[in-house]
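Descriptive analysis of the structure
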Amino acid sequence: MQTILILDHGSQYTQLIARKIREANVYCEIHPFNKIPKITDEIKGVVLSGSPYSVIDPEAPKTDLSAFKGKLPVLGICYGSQYMVHISGGKVEKSTIREYGRAKLEKVNNDCLLMRGVKEDSQVWMSHGDTILSMPEDFEIICSTHDVKNAGYKIKGEETYALQFHPEVTHSEFGFQILKNFVTEICHCDCSWTPKSFVETTVQALKEQLKDDKVVLGLSGGVDSSVAAVLLHRAIGSNLHCIFVDNGLLRKNEFSSVLESYKGMGLNVTGVDAKEDFYSVLAGVTEPEKKRKAIGAKFIDIFDREAGKIKDVKWLGQGTIYPDVIESSSVKGPSQTIKSHHNVGGLPDYMKLKVVEPLRSLFKDEVRRVGKELGLKQELLSRHPFPGPGLAIRILGDITAEKVSILQEVDAIFIDSLKEKGLYDQVWQAGAILLPIQSVGVMGDERTYERVVALRAVQSVDGMTADWCHLPYEFLSDVSNKIINQVKGVNRVCYDISSKPPATIEWE
Ligand code: XMP
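Residues numbered from 1 in each chain as written. Predicted model: local features only at pLDDT ≥ 70, side-chain atom pairs only at ≥ 80, totals over all residues. Heavy atoms only, no water.

This part is about the sheet that holds strand β10 (residues 214-219). With respect to topology, five strands assemble into an open sheet ordered β12-β11-β10-β13-β14, the strand pairing being parallel. At either margin of the open sheet sits one strand with a lone partner, and together these are β12 (269-273) and β14 (354-356). Pairs of neighbouring strands in the sheet enclose a mean axial angle of 30 degrees, with direction left out of account. For β10 and strand β13 (residues 313-317), the ladder comprises four bridges, and the chain directions are parallel. Bridged to Val216 within β13 is Leu316. Where helix α8 (residues 288-307) meets the sheet, it contacts β10, β11 (240-246), β12 and β13, and its direction lies at approximately 145 degrees from that of β11. (Pairing = 2+ DSSP bridges. Helix = DSSP H or I, 4+ residues; strand = E, 2+ residues; numbered from the N terminus. Axes fitted to C-alpha atoms, helices over the stretch in contact; angles between N-to-C directions. Contact = heavy atoms within 4.5 Å.)

And the structure:
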């Protein structure tokens, strides 16, 4: 498969480069700069990412370009651009001020294949601390801004290009055009990597890999595990055994409705009612990390028991997606575990199952597109993210069946109202939180002393950062009234207006 290799120097934008190239229907992979894979015929070009380092820093990444530079097309971005100048005898120095933000191109050489169709006067996004002061003779300038003369260059006699600004960022007006020019005009990729082609090649590859073997997969009701299951089902049919566990911490009616829809898709699913098992290990547990660990351990217990009932199962299917893969092999190493996220999977070693992860190379939005291609219902594909430990981390303090039931009612009113008002798809994630306090109220002539709930709705791209949604006041007021009138035991509703950072999306 035609592939563009992206070498990561640790820039916050590296994943964006990959997403943009894939938007052009070209497959690409990110690898750390110090773990360059073998350059096969499939690799049609290489992109060198930006970096938080200055090329002058002693610990700056020193990428060995010898395997591909001059042989394959190369595009250096920001650090990648400065690095090639630096190692070729040009002069790079730390800028006196960090050049950050919007800038305008003043001169553009439209004869250069990379800059085809890019307008002079268009906006680009700068973010760098180094400046290229002088370049070797065989480096030709292909674009400049008012402040940055060497904003882009090409090396004569090679298909090597570089840009000081970030074409992958949407603020660069012709950024996508530039990346498209690189992959099509310069690397000659045929843009045939589409959800349809992904499904065809993946199903074929899974057939060859799994043959007549049985696979067990844990479904969570979320997009990733559902799409992974449908793909595997296409390849091996009833040899795929799915397990869907009701941990008693799902949304209202979620277990039965999701189970029904899985069955409707022809999946071979065992639904396991394990509510009481989870409630009993959670009794009296108040500390968030302890809750997560208890839920994780119990899940493995139950999954293990159920998987053990399937004779001769050889594989464990997982819905791992590309950001998880990159994260675990990134330049900076696996990022610190801020919360010990439990996701479906991770079985005890003694089960000795081999792992199959059909979505390993996809970003979240691509998983959705593949799901659409596979005919999954829009309702399932557009679901908000929901944490593995479910409502347990939205009930502050200890968990009881009664509290779960109250929160389920509150959450259902909030989510249904978002759907009714056409707001659900504009929100990235929403939910309700049950607080461990009671407050005074009046109902009729009576004084009440009841529970307080908080509503949370956020806008985000990947959950790493988030901002609270500015939902209309009238909407919030309606939802609040409905909750207080309909959910017994709740007399106060708050709306969470904190962004992440410094807050997080979940409260625990
Ligand atoms: P935070 O609260 O860390 O959440 O801002 C970021 C995203 O991760 C989800 N989340 C979890 N997902 N297991 C999961 O599978 C967990 O323990 C967990 N904790 C948080 C959260 O819902 C949000 O989408």
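The next thing to look at is the domain arrangement of the chain. Each assigned domain of the chain is listed with its residue range as follows: domain 1 (3-186), domain 2 (195-381) and domain 3 (394-495). Inter-centroid distance (C-alpha atoms) of domain 2 to domain 3 is 28 Å. Across the boundary between the two partners, domain 2 contributes eleven residues, which contact 15 residues of domain 3. Contact between domain 2 and domain 3 buries roughly 990 Å² in total, counting both sides, with carbon and sulfur atoms accounting for 53%. Of all residues in domain 2, Arg251, Lys252 and Tyr279 bury the most surface against domain 3, accounting for 51% of the area lost on that side. Summed over the shared surface of domain 2 and domain 3, the result is two salt bridges. Of the charged contacts in the structure, one is a salt bridge between Glu409 and Lys252, with a shortest N-O distance of 3.2 Å. Along the contact surface separating domain 2 from domain 3 lie six residue pairs in polar contact (both at pLDDT 80 or more). Per-class residue counts for the side of domain 2 that touches domain 3 are five nonpolar, three polar and three charged. (Domains from an automatic or database assignment. Buried area = accessible area lost by both parts, 1.4 Å probe. Salt bridge = Lys/Arg side-chain N within 4 Å of Asp/Glu carboxyl O. Polar contact = N/O pair within 3.5 Å; in protein donor to acceptor, adjacent residues only side chain to side chain. Nonpolar A, V, L, I, M, F, W, Y, C, P; charged D, E, K, R; others polar.)

On the surface, a cluster of negative charge is contributed by Glu106, Glu120, Asp121 and Asp147. With respect to the helices, strands and loops of the structure, Glu106 is situated in strand β5 (residues 91-108). (Patch = residues over 30% accessible without salt bridge, like charges linked within 9 Å, V, L, I, M, F, W, Y side chains within 5 Å. Areas by Shrake-Rupley, 256 points an atom, 1.4 Å probe, with all protein chains shown as cover. Lys, Arg positive; Asp, Glu negative; His and termini not counted. Charge placed at Lys NZ, Arg CZ, Asp CG, Glu CD.)

Looking now at helix α12 (residues 401-420). The first and last C-alpha atoms of α12 sit 28 Å apart over 20 residues, in line with the 28 Å expected at 1.5 Å per residue. In the segment just after α12, Gly422 is the residue with positive phi, at about 70 degrees. (Expected span 1.5 Å × (residues − 1).)

Read across the open sheet, the nine strands follow the order β2-β1-β3-β4-β9-β8-β7-β5-β6; overall the sheet is mixed. Bordering the open sheet on either side are β2 (27-32) and β6 (123-134), each of which pairs with just one other strand. Going across the sheet, the axis of each strand differs from the next one's by a mean of 30 degrees, ignoring polarity. Note: strand β7 (residues 139-145) against strand β8 (residues 152-155), four bridges, orientation antiparallel. The residue bridging Phe139 from the neighbouring strand is Ile155, located in β8. Sitting on the sheet, helix α1 (residues 14-23) touches β1 (3-8), β2, β3 (43-48) and β4 (74-77), and the angle it makes with β2 is about 165 degrees. Most of the contacts of helix α3 (residues 175-186) go to β4, to which it runs at about 165 degrees, and overall it touches β1, β3, β4 and β9 (160-163).

Turning our eyes to something else, we now look at the packing of helix α5 (residues 223-236) against helix α10 (residues 364-373). Look at α5 against α10: their axes get within 10 Å of each other, and the N-to-C directions meet at 45 degrees. Our classification of the angle between α5 and α10 gives oblique. Two packed elements cross with a definite hand, and for α5 against α10 that hand is left-handed. The residues of α10 that touch α5, namely those facing Val223, Asp224, Val227 and Arg234, are Lys364, Val367, Arg368, Val370, Gly371 and Glu373. Considering only residue class, the contact of α5 with α10 consists of four nonpolar, one polar and five charged. (Parallel < 35°, antiparallel > 145°, perpendicular 65-115°, else oblique. Left-handed = near helix turned anticlockwise from the far one by under 90°.)

Turning our eyes to something else, we now look at the packing of α12 against helix α13 (residues 473-486). Axis separation between α12 and α13 bottoms out at 10 Å; the angle between their running directions is 145 degrees. For the pair α12 and α13, the crossing hand works out as right-handed. The segment α12 lies against α13, with Val410, Ile413, Phe414, Ser417, Leu418 and Glu420 engaging Phe475, Val479, Lys482, Ile483 and Gln486.

What follows concerns the side chain of Thr145. Position of Thr145 relative to the elements: it lies in strand β7. Judged by relative accessible area, Thr145 falls into the buried class, the value being 6%. If near-sequence neighbours (up to four positions away) are discounted, Thr145 is found in contact with Ala103, Lys104, Leu105, Glu106, Val124, Met126 and Ala151. (Buried < 20%, exposed > 50% of the residue type's maximum accessible area, 1.4 Å probe, protein only.)

Another point: the packing of aromatic side chains. Applying the stated criterion across every chain yields a total of ten aromatic pairs. On the basis of an interplanar angle of 35 degrees and a centroid distance of 5.1 Å, the ring pair of Phe244 and Phe255 is categorised as tilted. Of the two residues, Phe244 sits in strand β11 while Phe255 sits in helix α6 (residues 254-264), which places them eleven residues apart along the sequence. Look at Phe244 and you get buried, because its relative accessible area is 1%. With relative accessibility at 17%, the residue Phe255 sits in the buried group. Residue placement shows Arg19 over the ring face of Phe363; its charged tip is 5.6 Å from the ring centre. Above the ring of Tyr161, the side-chain terminus of Lys154 is found at 5.5 Å from the ring centroid. (Phe/Tyr/Trp six-rings, centres within 6.5 Å; stacked < 30°, edge-to-face > 60°. Lys NZ or Arg CZ within 6 Å of the ring centre and 35° of its normal.)

Next up on the list: the nonpolar core. Counting residues in hydrophobic clusters, the biggest one holds 49 residues, and the most contacted among them are Val216, Val410, Phe414, Leu418, Leu471 and Ile483. In terms of residue count, α12 provides more of this core than any other element does, eight residues in total. Counting the residues that make up this core, at least three belong to each of domain 2 (195-381) and domain 3 (394-495). For Ile483, the contacting residues outside a window of four places in its chain are Val410, Ile413, Val453, Leu455, Val490 and Val493. (Core = buried A, V, L, I, M, F, W, Y, C linked by side-chain atoms within 4.5 Å.)

Using the criterion set out here, one finds three cavities of 30 Å³ or more in the structure. The computed volume of the largest cavity comes to approximately 80 Å³. If you trace the largest cavity, you find it lined by Arg22, Asn25, Trp193, Thr194, Pro195, Phe198, Leu362, Glu366, Arg369 and Val370. Going through the elements one at a time, α4 (195-210) and α10 are the ones with two or more residues in the lining of the largest cavity. Among the elements that make up the lining of the largest cavity, the one with the highest residue count is α10 (three residues). Within this model, the second largest cavity holds a volume of roughly 60 Å³. In terms of lining residues, the second largest cavity is bounded by Arg394, Gln429, Ala430, Gly431, Ile433, Arg456, Ile505 and Glu506. (1 Å grid on protein atoms, 1.4 Å probe; cavity = no way out; pocket = protein on both sides within 12 Å on 5 of 7 lines; lining within 4 Å. Points joined across faces, edges and corners; volume = space filled by probe spheres on them.)

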